[in-house]
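# Fold and contact review
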Amino acid sequence: MSHHITERDTATFGGSTAVEYYVRVASMSIAFYDYILTLPIEYRFYRSQPHILRMSQACILFILIRYISIVAMFVSNYGAFATSFTMESCRRYYYVSPIFKVLQTMVSQAILGFRTFNISGRDKRVRNFLVVYYAIAVTFEWFLNLYRRTPEVVNGSCISGTPSGSSSSWIFYLVAICYDLVTLGISTVRLFQYETHFSRFNQLTRVLLYDGLIFFVALTAVNVLNLILYQGTNVVAQSTAPSLGYAVIWIMSQRILIHLRVAAEKDGNSRSITILTRRAGRERDVELPSRSQFESQKSQVDRRANDRALDVRITVQQTVTADYSIEELGLPPDKET
């Protein structure tokens, strides 16, 4: 696979470089501000882990999405703002940013996949489908994002673009949009199937539903912008738009984990919530007991230490059970009184 390297000046790009640099600065500022705001939550994640070698899934994914995103933004913007790159040094550097872009996308999609799996009640068919789909999507993303990449030296900066008329990178964003649509579609349909009569569970359902929809709208908007730019010829714009994408993926992905952790904290030490309900449109109504009768029933509590739920496990039978895995959410274990 051969690549060519060109050296251009600002005028070649129609004087648009300054605007695109402002976009980079704005993206970094937003991401840094959000990082500072979420430092206390990160500390609580660390503090609640039993051991550094026994971190929960939620904590591991939280760390990965934060610090892979930081590295991705750093290497991308360093190449754009530097003024000392030569054609030879750019040849050794221009693949770094695309590699970290795929790594960040992989972590974000893993968060969505685990979220969908747990919302589906850990259905084995959903699990198998997600594993296969994730593997296919990641394979395509690696290939499409790295194929025929072209180094460009612009006033001493090193950026990575694709030659006009031969770019396949825009398909990378189409694959990412399809993955987000499928995973969030599965989880959203399942959430709408839950017709509950318990306010706390309704609150949890809203958290899951709104986070998923907001994530999809924000990320799809950025991906569509990148998809359009990568079909053009402006390589500076092609390298700039992902910087905004890094910030959006970082913030929205970690917010999914943060909001679920907060929802679990509001439930106190309860590890499961069991409510009587019905399957909408499939079963006859279930007669609900009075509030006093409901409260007198013993809650089903799952105390398995090896529970692998990432965030929430929802099971629909004659009841709906939402299991919060305290360890996997990174919450401190129950203390004996």
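Residues numbered from 1 in each chain as written. Predicted model: local features only at pLDDT ≥ 70, side-chain atom pairs only at ≥ 80, totals over all residues. Heavy atoms only, no water.

We now examine a nonpolar patch on the surface. Nonpolar side chains collect at one region of the surface, where Phe32, Ile36 and Leu39 lie side by side and expose about 270 Å² of accessible area between them. Inspection of the secondary structure assignment puts Phe32 in helix H1 (residues 17-37). A relative accessible area of 54% places Phe32 in the exposed class. (Patch = residues over 30% accessible without salt bridge, like charges linked within 9 Å, V, L, I, M, F, W, Y side chains within 5 Å. Areas by Shrake-Rupley, 256 points an atom, 1.4 Å probe, with all protein chains shown as cover. Salt bridge = Lys/Arg side-chain N within 4 Å of Asp/Glu carboxyl O. Helix = DSSP H or I, 4+ residues; strand = E, 2+ residues; numbered from the N terminus. Buried < 20%, exposed > 50% of the residue type's maximum accessible area, 1.4 Å probe, protein only.)

With respect to the element layout, Ala135 can be found in helix H6 (residues 124-146). Ala135 gets classed as partly exposed once you look at its relative accessible area, which sits at 41%. For the pair Ala135 and Met106, spaced 29 residues apart in the sequence, the C-alpha separation amounts to 9.8 Å.

A word on the pairing of strand S2 (residues 150-154). Of all five residues in S2, five are buried, a share of seventy percent or more. Side chains Thr150, Glu152 and Val154 project from S2 onto one buried face, and the interleaved Pro151 and Val153 project onto a second face that is buried too. The turn joining S2 and strand S3 (residues 157-161), which pair antiparallel and follow one another in sequence, is formed by two residues; a positive phi near 55 degrees is taken by Asn155. (Pairing = 2+ DSSP bridges.)

With that settled, the discussion passes to the state of the cysteines. Taken as a whole and judged by the stated rule, the model has one disulfide. The residue that forms a disulfide with Cys90 is Cys158, at a sulfur-sulfur distance of 2.0 Å. Since a negative S-S torsion denotes a left-handed disulfide, the Cys90-Cys158 link at about 75 degrees is right-handed. Taken together, the positions of Cys90 in helix H4 (residues 87-93) and Cys158 in strand S3 put the pair 68 residues apart, joining distant regions of the chain. Just as Cys90 is buried, Cys158 falls in that class too. (Disulfide = S-S within 2.5 Å.)

Where helix H5 (residues 96-119) meets H6, the closest approach of the two axes is 10 Å, and the angle between their N-to-C directions is 165 degrees. One finds that H5 runs roughly antiparallel with respect to H6. Here H5 runs over H6; the crossing is right-handed. Every residue of H6 that contacts H5 at Pro98, Ile99, Lys101, Val102, Leu103, Thr105, Met106, Gln109, Ala110, Gly113, Thr116 and Phe117 is listed here: Val126, Arg127, Leu130, Tyr134, Val138, Glu141, Trp142, Asn145 and Leu146. (Axes fitted to C-alpha atoms, helices over the stretch in contact; angles between N-to-C directions. Parallel < 35°, antiparallel > 145°, perpendicular 65-115°, else oblique. Left-handed = near helix turned anticlockwise from the far one by under 90°. Contact = heavy atoms within 4.5 Å.)

Across the five residues of S3, five count as buried, placing the element largely inside the fold. Burial of the side chains of S3 extends over both faces: Ser157, Ile159 and Gly161 are buried on one face and Cys158 and Ser160 on the other. Where S2 lies against S3, five bridges are found, and the strand directions are antiparallel. Looking at the pairing, Thr150 lines up with Gly161 of S3.

Another point: the pattern of salt bridges. For the coordinates displayed, the defined rule picks out five salt bridges. Between Glu88 and Arg91 there is a salt bridge, with its nearest N and O atoms 3.9 Å apart. Here Glu88 and its partner Arg91 are both found in helix H4, three residues apart, which amounts to about one turn of the helix. Using a relative accessible area of 46% as the deciding quantity, one classes Arg91 as partly exposed. Using a relative accessible area of 44% as the deciding quantity, one classes Glu88 as partly exposed.

A few words now on helix H2 (residues 39-47). Taken together, the buried positions of H2 are Ile41, Glu42 and Phe45. Buried residues in H2, looked at end-on, bunch into an arc of 100 degrees, giving them a common side. Across from the buried face of H2, at angles greater than 90 degrees, the exposed residues are Tyr43 and Arg47. (Arc of directions from axis to C-beta.)

Taken as a whole, this structure holds 13 aromatic pairs when the rule is applied. An angle of 70 degrees between the planes, with centres 5.9 Å apart, marks the rings of Tyr78 and Phe85 as edge-to-face. An angle of 35 degrees between the planes, with centres 5.4 Å apart, marks the rings of Tyr133 and Tyr179 as tilted. Separated by 46 residues along the polypeptide, Tyr133 in helix H6 and Tyr179 in helix H7 (residues 169-193) bring together distant segments of the chain. (Phe/Tyr/Trp six-rings, centres within 6.5 Å; stacked < 30°, edge-to-face > 60°.)

Turning next to unusual backbone geometry. Phi is positive for Arg122, close to 55 degrees, though the residue is something other than glycine. Along the chain, Arg122 falls in the loop between H5 and H6. Given a relative accessible area of 19%, Arg122 falls into the buried group. The phi torsion at Asn155 lies on the positive side, around 55 degrees, for a residue other than glycine. Positionally, Asn155 belongs in the loop between S2 and S3. Take Asn155: its relative accessible area is 45%, and that puts it in the partly exposed class.

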